[in-house]
Amino acid sequence: MRELRFSKEIYRGEDVDAALRVFEKYGDFEQEATDDAWVIRVSAGSRARERRLAGELGNYALGLTIRHRGVS
């Protein structure tokens with residue numbers, strides 16, 4: 001299992017949720033909200049697959065966040 005932490009100061013919860021919907025068919029995800037972060041735990045059968053899936057999910061969530069914040 002691999003854990004990702006998305007800072008609430010940077011990421012919108014809606015963008016993290018949208019990224020999860022895109023990748024949900026490729027693995028299993030557990031979600032948790034802390035005071036300062038959205039925490040996502042990724043399980044995908046092998047460590048290599050979990051690492052790749054976590055990376056893709058993180059990149060996608062970041063891309064959505066940049067798009068919605070208008071950062072260039």
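Residue numbers here run from 1 along each chain, matching the order of that chain's written sequence. Side-chain atom pairs in this predicted model are given and counted only at pLDDT of 80 or more, local residue features only at pLDDT of at least 70, and totals for whole chains, interfaces and linings cover all residues. The side-chain values count all of the structure's non-hydrogen atoms but skip hydrogen atoms and water molecules.

A. Region of the structure containing the overall build of the protein chain. By the criteria applied, helices consist of DSSP H or I runs no shorter than four residues and strands consist of E runs no shorter than two, each listed in order from the N terminus. Scanning the protein chain for helices and strands turns up two helices and three strands. Ordered by position in the sequence, the α and β elements of the protein chain form the string β-α-β-β-α. Note that the radius of gyration is over C-alpha atoms, with the globule rule given as 2.2 Å times the number of residues to the power 0.38. For 72 residues, the compact-globule formula gives about 11 Å, and the C-alpha radius of gyration of the protein chain, at 12 Å, lands near that figure. Residue exposure (1.4 Å probe, protein chains only): buried if accessible area is under 20% of the type maximum, exposed if over 50%, otherwise partly exposed. The proportion of buried residues among the 72 residues of the protein chain is 35%. Counting contacts in the protein chain only where the partners sit at least 6 residues apart, residues at least 24 apart contribute 69% of the total. We treat Lys and Arg as the positive residues and Asp and Glu as the negative residues; His and chain ends play no part in the count. Every charge is mapped to an atom, namely NZ of Lys, CZ of Arg, CG of Asp or CD of Glu. One way to put it: in the protein chain the 13 positive side-chain charges average out to a point 6 Å from where the 13 negative ones average out. The contact definition used throughout considers only heavy atoms, calling two residues in contact when any of these lie within 4.5 Å.

B. Main features of the environment of Thr65. Position of Thr65 relative to the elements: it lies in helix α2 (residues 47–69). For Thr65, a relative accessible area of 3% puts it in the buried group. Taking the C-alpha atoms as reference, Thr65 lies 10 Å from Ala19; in sequence the two are 46 residues apart. Leaving out residues up to four positions away in the same chain, Thr65 has contacts with Ile10, Tyr11, Arg12 and Asp15. Any pair of nitrogen or oxygen atoms within 3.5 Å is treated as a polar contact; in protein, a donor-acceptor pairing is required on top of that, and neighbouring residues in sequence qualify only through side-chain atoms on both sides. There is a polar contact of 2.9 Å between the side chain of Thr65 and the backbone oxygen of Ala61.

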